[in-house]
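Notes for the structure review
If you want the building blocks of each chain, they are given just below.
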Amino acid sequence: MLESSVPLTPPPRPSSFREYIFHHRLQVGLAAVALAGFIVHPRNIFGAWAIPGHIACVLLVLGGLGLRAWAGGSAGRHTRKATMEAPQLATGGPFAYVRNPIYLASIILGLGMVGLLGDPWMFALYVAVFVFLYTAIVPAEEQFLRREFGEQYTRYCAHVPRLLPRFRRWSGAQAAEFHRDVVLGEVRLGFVLVGIYVFLRGCAWLRGW
């Protein structure tokens with residue numbers, strides 16, 4: 001088979017530290033999980049309310065995954081890529097209530113995972129990682145979207161909050177095609193989270209906890 005004579009275009013290199021963090025957000029998360037394996041001490045933080053407490057944490061994880069699926073399907077396949085892309089400005093679905101529903105969902109499910117482990121040090125690591133990631137990623141994305149969509153994005157920002165959802169759907173939201181295949185990615189993420197939980201529990205067991 002003949003190779004194409006047209007050279008492949010390499011992906012654009014990040015032009016700032018914030019964009020670099022965006023491109024490597026998965027690696028940052030994996031590094032945090034690896035670090036957690038050395039320090040995690042699972043325990044029951046709910047006392048006599050252990051069963052309802054753990055059920056609540058599982059619901060947080062499932063709710064976060066559900067919100068991620070809704071947001072990812074509403075935005076499109078590009079949300080799972082390492083590069084910043086925006087074929088169109090997503091304002092429908094959960095984006096009509098909050099500008100960053102995928103990140104909000106990740107915060108919610110992360111809190112559920114921490115609650116299941118019950119380790120205060122995991123909560124400290126959880127806060128540190130999300131603050132580090134999102135104080136870098138969110139401004140970088142906003143700068144990109146403002147450059148791509150100009151006044152349209154400025155108007156969107158004026159009506160829809162960044163991370164704390166509004167109670168009513170923004171009237172200016174525009175519905176878009178829902179990409180059902182993106183939901184499968186969140187199903188896979190659910191299995192990954194189960195694997196992370198088992199891994200951290202196993203690390204604690206090997207260290208005698």
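The structure under discussion appears in the preceding block.
Throughout what follows, the structure given in this document is the object of discussion. (Residues numbered from 1 in each chain as written. Predicted model: local features only at pLDDT ≥ 70, side-chain atom pairs only at ≥ 80, totals over all residues. Heavy atoms only, no water.)

Across its full length, the protein chain carries seven helices and zero strands. For the protein chain, the sequential pattern of α-helices and β-strands runs α-α-α-α-α-α-α. Relative to its 209 residues, the protein chain shows a buried fraction of 42%. For the protein chain, the proportion of contacts with a sequence separation of at least 24, taken over those separated by at least 6, is 82%. Surface accessibility of the protein chain: about 12,800 Å² in total, with carbon and sulfur atoms responsible for 67%. (Helix = DSSP H or I, 4+ residues; strand = E, 2+ residues; numbered from the N terminus. Buried < 20%, exposed > 50% of the residue type's maximum accessible area, 1.4 Å probe, protein only. Contact = heavy atoms within 4.5 Å. Areas by Shrake-Rupley, 256 points an atom, 1.4 Å probe, with all protein chains shown as cover.)

Tracing the backbone shows Tyr197 in helix H7 (residues 181–206). Of the residues examined, Tyr197 reaches a relative accessible area of 25% and is grouped as partly exposed. Along the backbone, Tyr197 and Val114 are 83 residues apart, and their C-alpha atoms lie at a distance of 9.5 Å. When neighbours within four sequence positions are excluded, Tyr197 is seen to be in contact with Met113, Leu116 and Leu117.

Within the secondary structure, Ile45 sits in the loop between helix H2 (25–39) and helix H3 (50–75). As a C-alpha pair, Ile45 and Asp119 span 74 residues in sequence and 7.9 Å in three-dimensional space. Residue contacts for Ile45: discarding those within four places in its chain leaves Gly115 and Gly118.

Right, let's get into the layout of surface pockets. Roughly 160 Å³ of internal volume is contained in the second largest pocket. Around the second largest pocket, the lining residues are Val58, Val61, Leu62, Leu65, Met113, Leu116, Gly190, Leu193, Val194 and Tyr197. Of all elements in the fold, only H3, helix H4 (101–117) and H7 reach the threshold of two or more residues within the lining of the second largest pocket. A breakdown of the residues in the lining of the second largest pocket according to their chemical character gives nine nonpolar, one polar and no charged. (1 Å grid on protein atoms, 1.4 Å probe; cavity = no way out; pocket = protein on both sides within 12 Å on 5 of 7 lines; lining within 4 Å. Points joined across faces, edges and corners; volume = space filled by probe spheres on them. Nonpolar A, V, L, I, M, F, W, Y, C, P; charged D, E, K, R; others polar.)

In this section: the packing of H2 against H7. At their nearest, the axes of H2 and H7 sit 7 Å apart, and the two run at 30° to each other. Between H2 and H7, the interaxial angle falls into the category roughly parallel. Classified by chirality, the crossing of H7 by H2 is right-handed. Taking contact as the criterion, the partners of Val33, Ala36 and Gly37 in H2 are, on H7, Ile196, Phe199, Leu200 and Cys203. (Axes fitted to C-alpha atoms, helices over the stretch in contact; angles between N-to-C directions. Parallel < 35°, antiparallel > 145°, perpendicular 65-115°, else oblique. Left-handed = near helix turned anticlockwise from the far one by under 90°.)

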